[in-house]
Structure formats: C-alpha cells, structure tokens
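Survey of secondary and tertiary structure
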Amino acid sequence: MSGQYAAALEKCGVKEGDRVLVKVEKSIDAVALYLACLQSGAVYVPSNPKNTVEETAYLFQDAEPSLVVFSHENSQSVDARSETLGRGHGSLTSLADSLQGTDEVTQRSGSDLAAMLYTSGTTGKPKGAMLTHRGLIANAIALHDIWGFESEDILLHCLPIFHVHGLFVALHCAMLSASEVIFLNKFDPESIISNMSEATVMMGVPTHYARLLGDSRFDHDLCAHMRLFTSGSAPMSELVHEKFQRQTSHRILERYGMTEAGIITSNPLEGERIPGTVGFPLPDMELRVAQDDRECDIDELGVVEVRGSHLFSGYWRQLEKTAAAFTKDGYLITGDIGSLDKHGRVSLQGRSNDMIISGGENIYPKEVELYLEEIPNVNECVVVGLPHPDLGEAVTAFLIPDGDFSEVAVGEYFKSRIASYKQPKKYVLVDSLPRNAMGKIQRSKLRDEYSTLFFDADNHI
Ligand code: MCA
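Attention here is on the structure that accompanies the text. As the structure is a computational prediction, the values presented were derived from the model and not from experiment. (Residues numbered from 1 in each chain as written. Predicted model: local features only at pLDDT ≥ 70, side-chain atom pairs only at ≥ 80, totals over all residues. Heavy atoms only, no water.)

A full pass over the atoms with the stated rule returns one cavity of 30 Å³ or more. Roughly 120 Å³ of volume is contained in the largest cavity. Contributing to the lining of the largest cavity are 17 residues, with Gly-135, Leu-136, Asn-139, Phe-168 and Gly-262 lying nearest its centre. At the level of secondary structure, the elements contributing two or more residues to the lining of the largest cavity comprise strand S6 (127-132), helix H5 (133-146) and helix H6 (164-176). Per-element tally for the lining of the largest cavity: the top contributor is H5, with five residues. (1 Å grid on protein atoms, 1.4 Å probe; cavity = no way out; pocket = protein on both sides within 12 Å on 5 of 7 lines; lining within 4 Å. Points joined across faces, edges and corners; volume = space filled by probe spheres on them. Helix = DSSP H or I, 4+ residues; strand = E, 2+ residues; numbered from the N terminus.)

Here S6 lies mainly inside the structure; six of its six residues are buried. Burial of the side chains of S6 extends over both faces: Lys-127, Ala-129 and Leu-131 are buried on one face and Gly-128, Met-130 and Thr-132 on the other. Bridging between strand S5 (residues 113-119) and S6 involves six bridges; their strand directions are antiparallel. Directly across from Leu-117, in S6, lies its bridge partner Ala-129. (Buried < 20%, exposed > 50% of the residue type's maximum accessible area, 1.4 Å probe, protein only. Pairing = 2+ DSSP bridges.)

Further remarks concern a nonpolar patch on the surface. A surface patch of nonpolar side chains, about 270 Å² in accessible area, is lined by Ile-137, Ile-141 and Leu-176. Tracing the sequence through the fold places Leu-176 in helix H6. (Patch = residues over 30% accessible without salt bridge, like charges linked within 9 Å, V, L, I, M, F, W, Y side chains within 5 Å. Areas by Shrake-Rupley, 256 points an atom, 1.4 Å probe, with all protein chains shown as cover. Salt bridge = Lys/Arg side-chain N within 4 Å of Asp/Glu carboxyl O.)

Turning to the sheet that holds strand S8 (residues 180-183), a few remarks are in order. Judged by pairing direction, the sheet is mixed, and its seven strands sit side by side in the order S8-S7-S9-S10-S11-S12-S13 without closing on themselves. Only two strands of the sheet have a single partner each, and these edge strands are S8 and strand S13 (280-281). Across two bridges, the pairing between strand S12 (residues 262-266) and S13 is antiparallel. When the sheet's bridge partners are listed, Thr-265 is paired in S13 with Pro-281.

Turning to the pattern of salt bridges, a few remarks are in order. If you walk through the whole model with that rule in mind, you get 23 salt bridges. One salt bridge in this structure joins Glu-55 and Lys-422, with 2.5 Å as the shortest N-O distance. Taken as a pair, Glu-55 in helix H3 (residues 53-63) and Lys-422 in the loop between helix H13 (407-415) and strand S23 (426-429) lie far apart in primary sequence, 367 residues in all. Summarising the burial analysis for this pair, Glu-55 and Lys-422 share the class buried. Note that Asp-112 and Arg-108 form a salt bridge whose closest N and O atoms lie 3.9 Å from each other. For Asp-112, a relative accessible area of 23% gives the class partly exposed. A relative accessible area of 22% means that Arg-108 is categorised as partly exposed. Counted as one network, the salt bridges with shared partners bring together Glu-16, Arg-108 and Asp-112.

Moving on, we get to the environment of Ile-298. By secondary structure assignment, the location of Ile-298 is in the loop between strand S15 (294-295) and strand S16 (302-307). Linking Ile-298 and Ser-339, residues 41 residues apart in sequence, is a C-alpha distance of 7.1 Å. Apart from residues lying up to four places away in sequence, Ile-298 is in contact with Leu-340, Asp-341 and Lys-342. (Contact = heavy atoms within 4.5 Å.)

Before going further, it helps to spend a moment on the environment of Thr-122. Of note, Thr-122 is situated in the loop between S5 and S6. What makes Thr-122 partly exposed here is its relative accessible area of 47%. For Thr-122 and Met-355, which are 233 residues apart along the polypeptide, the C-alpha to C-alpha distance reads 7.8 Å. In contact with Thr-122, other than residues within four places in its own chain, are Tyr-364 and Lys-366.

As a further point, take H5. Helix length check: H5, at 14 residues, gives a terminal C-alpha distance of 20 Å against a target of 20 Å (1.5 Å per residue), a fit within 8%. Regarding H5, the residues found buried are His-133, Gly-135, Leu-136, Ala-138, Asn-139, Ala-140, Ala-142, Leu-143 and His-144. Each element contacted by the buried residues of H5 is listed here: helix H2 (28-40), S5, S6, H6 and S12. Looking at the residues trailing H5, positive phi occurs at Gly-148, about 65°. (Expected span 1.5 Å × (residues − 1).)

Attention shifts here to the nonpolar core. Within the largest apolar cluster, 72 residues are counted, with the highest numbers of intra-cluster contacts made by Leu-33, Val-69, Trp-147, Phe-168, Met-203 and Val-306. Among the elements that make up this core, the one with the highest residue count is H6 (eight residues). Setting aside its immediate chain neighbours within four residues, Trp-147 contacts Val-169, Cys-173, Met-203, Arg-227, Leu-228, Thr-230, Leu-253, Arg-255, Ser-266 and Leu-269. Ile-154, Ile-182, Met-196 and Leu-213 belong to the second largest nonpolar core, which has 23 residues in total. (Core = buried A, V, L, I, M, F, W, Y, C linked by side-chain atoms within 4.5 Å.)

Put into structure tokens, the structure is as follows:
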C-alpha cells in the first residue's frame with residue numbers, strides 16, 4: 001500500500017525534500033502515506049485533525065508544503081495542491097489504488113529530514129521540530145532492543161498518529177520486528193478491553209490507564225498474558241502506579257521523552273521499575289542535570305539536558321529558537337526539572353517553563369492567553385494548568401472581566417480559533433491577579449491556591 005501511495009505522491013509532483021502536510025483521521029491509509037513519504041524522500045508533516053482552519057492555515061504558511069492531504073470531512077482551501085485520504089471518498093486513495101506500487105526507495109542521508117512535527121511554543125505559535133532519518137532510526141532501534149520486541153508480539157495501538165508517541169515510538173517498535181498491530185482508531189476503554197486478550201504490549205498515556213483502571217473488567221485475568229504496558233507523554237502519579245499493580249499485577253514501565261528528542265529515558269524491562277522515576281538514559285543518549293552552567297550533584301535538582309543521535313536537528317526556519325534550545329556543547333535543554341540518583345536513574349519534578357500537559361497533549365498558556373486577550377470584555381487574564389483527576393492537568397483561565405462575561409460566548413468565539421483540547425476547561429473570574437514586586441503574574445500562587453478546583457469528594461483515585 002505504501003508503494004502505491006509513493007507512486008501517487010510522484011504523480012502529484014512531490015519531490016525529494018518537499019513537505020507533505022497531512023491532516024487526517026487515524027487510519028491504516030495514513031500509516032501507508034507516512035511510509036510512502038519516507039520511501040519518496042519527502043518530509044512527513046502530520047497535523048492534529050482537531051486543529052482549526054486558522055491553526056492549519058498557520059502550519060501551511062510555515063511549512064510551505066507542496067502537497068496537503070486532508071480527510072474528506074476537514075478539507076479547507078489552501079494555496080497548493082490538495083488531496084483527500086480515505087476509503088470511498090479520498091482522491092489520493094483512489095489515485096493510489098489505480099497505480100502499480102513502486103519498490104523504489106529514494107536514498108536519503110542520515111541528516112536529511114524524515115518528518116517535521118509541530119510543537120507548541122512559549123511565544124504562542126507552534127514551531128516545526130525537524131526530525132532526521134538518523135534520529136528516527138536510532139530511537140527506534142534503541143527502544144526495540146531495550147523493550148525486547150519480538151515478531152510474536154502483538155501491539156495494542158490506541159494512540160493518535162500525529163505525535164512521536166503513536167507514530168514513531170509505538171509503530172516503529174512493531175515494524176522493526178514485523179509484529180502484528182491491533183490498530184484502534186481511537187482510545188476507547190470498550191475496544192481496549194475487548195481486544196486485550198489478543199495483545200502482548202500496550203503503550204499509553206496516564207489518562208488512558210487512569211480510565212482503564214476505572215473499569216472493573218480491567219483486572220488481573222484480562223491482563224494475565226500481557227508482556228508489557230508502557231506509559232509516557234505525561235507524568236504518572238505514584239497512586240495510579242500502585243493501583244495499576246493492585247488491579248492487574250503488572251508494574252507499568254514509565255519512560256520519558258519529548259518531540260525534539262524522541263524517548264530519552266526508560267525504566268528497565270528487567271529490573272526494578274520505580275514509580276516516580278523515569279528510569280535510565282537510553283543507550284547513546286548522554287544525559288546530565290545542570291544548574292547555572294554547572295553539573296548538579298547526585299540527587300540535586302536542575303534542568304535535564306540531553307545529547308545524542310536521537311535529537312532533532314532544529315526548529316524549521318527558526319535559527320534563534322534553535323540556538324536557544326541547545327547549550328554551547330550541543331546538549332538539548334529539555335526544560336524539565338529533575339535529578340539523577342547514584343545509580344543514574346532520573347526523576348522529574350516539574351518544568352522550568354509554564355507548559356501544561358493535558359491528557360498527554362502539550363499546551364502553552366501563551367497561545368490561549370493571546371486569544372483571550374482579544375476578547376473586548378476581558379481586562380486581564382492568565383492561563384495555568386491545574387491538577388485534574390482524568391487529564392493530569394486541565395487548562396484553566398483566570399480573568400478579570402470588564403462588565404458581563406459569558407462562558408457560552410467565549411466557547412463560541414474559541415470554536416473557530418483554537419483546537420478544543422487547548423480551550424479552558426474552567427474560567428475563574430477574579431478581582432485581581434497575584435503579582436510579584438516586579439509586577440509579574442505569579443502563576444504558581446494560582447496553581448497552589450486552586451489546586452483542588454477539579455477535585456470533589458468522589459474524584460479521588
Ligand atoms: C480530548 N479532549 C481533551 C483532550 N483530548 N481535552 C483536554 N486534553 C486532552 N488531551 C477534549 C476534546 O477537545 C473534546 O472536547 C472532548 O475532550 C472529547 O474529545 P475526544 O477526542 O473524544 O477525547 P478523548 O478520546 O477522550 O481523548 C482524550 C485522550 C486523548 C484519549 C486522552 O487526548 C489522547 O489520546 N491523548 C494522547 C496524546 C498523545 O499521544 N500524546 C503524545 C505527545 P469538546 O467535547 O469540548 O469538543 S508527547 C510525545 O509524543 C512525546 C515524545 C512522549 O514522550 O510521548
């Protein structure tokens with residue numbers, strides 16, 4: 001199928017190094033299109049299908065793709081060739097079906113781009129993280145080895161495929177040993193539970209596991225034959241870890257990564273998996289914890305920095321942001337605060353920036369604040385992530401209204417502007433916002449004061 005899509009890309013005029021922007025729902029055809037891009041030497045640029053027309057227009061303008069592929073339902077007009085993907089009504093799918101598949105593989109070097117994934121940024125606009133063939137291969141081989149993937153494995157795949165986690169971490173591991181994949185179109189506890197008995201490995205975000213644990217059918221017997229559950233993209237609380245072990249008799253393997261670096265550390269397959277830690281750096285990944293240009297002592301907190309062949313090659317057309325992301329000696333500054341223990345295990349304690357992680361999705365407050373500030377009767381606002389029993393953190397807006405404030409009207413306003421998962425789950429109207437002596441808003445004060453806003457007596461795990 002990927003050979004047929006590669007032939008279709010050629011017919012569409014896609015050349016080596018061209019970006020192909022893909023905003024489609026999860027499907028096998030989307031996986032084939034991703035592989036076809038690799039095969040043709042094109043750069044795969046996946047977009048969240050929930051992105052609004054405005055957000056997609058930004059990606060289009062920034063990535064300058066020579067081809068844009070939409071799902072039938074979310075097509076929009078763009079100033080480039082566009083096609084649709086899907087069985088029955090997809091123009092690219094029909095074209096691919098009508099063509100003889102090609103086995104030809106365009107040779108690319110390790111430093112050539114394979115994919116570009118957009119990550120939200122501190123300034124409010126997403127940046128394209130340039131991922132190379134070398135980086136994807138290095139991370140895939142390392143994970144395949146340390147997690148012991150074999151051809152008999154069957155991967156239960158419930159992640160979206162527009163992120164590193166679902167597209168690269170999960171699929172590459174399975175592909176390297178030609179393992180079977182049970183490919184679910186979205187996360188849904190019902191289908192996970194009904195397919196679990198066929199699978200041996202599942203990868204998920206903490207929200208997936210917290211939801212599964214809420215179902216009494218997700219128990220020891222259902223999971224008895226499973227080889228491995230991994231969790232990442234957001235911190236997993238020790239409570240969920242322990243509940244997972246009590247309910248399933250499995251110890252979840254927590255690992256840590258980011259779009260710019262792939263997977264950075266992992267708890268061991270053999271050996272102790274310790275809740276609250278993210279394990280050891282992957283082979284070939286150099287990791288240190290630093291503070292004010294000096295390396296921290298054992299157990300001392302600092303910013304986690306990493307170096308190695310897995311790393312991205314920079315932000316697309318953003319030289320300054322790329323330079324700011326690295327130290328002089330080539331370490332990527334992750335922005336995560338953590339420490340190393342005497343065995344080399346990494347523990348994370350939070351972030352040095354204000355990024356919110358909601359259900360495994362990263363959201364920068366600035367992006368939401370910029371939109372809120374445009375609303376005429378919002379005088380001042382600040383957006384923070386508050387602890388949430390299902391999502392880990394929930395986007396919350398604190399604002400000083402000028403006159404009447406209608407949540408319904410704001411909901412309507414946001415609909416066409418930013419993807420729904422980024423929109424505040426709650427609006428808190430206040431008379432003033434806490435500021436320090438320099439006049440800077442103290443987000444941490446709001447996080448502390450409102451830490452139980454999303455919890456009630458029934459909401460404890
Ligand atoms: C959906 N909604 C959310 C989120 N997802 N709200 C906040 N945070 C979210 N993450 C909202 C929708 O906007 C919608 O709102 C309503 O929930 C229902 O949407 P639906 O799609 O049905 O939601 P869901 O199926 O329940 O999705 C929740 C989810 C999903 C299953 C947790 O977000 C998910 O699969 N997350 C995984 C993300 C992931 O793979 N991250 C990896 C990136 P409304 O009703 O108002 O429209 S990090 C990465 O790749 C690095 C390398 C790493 O280390 O892994």
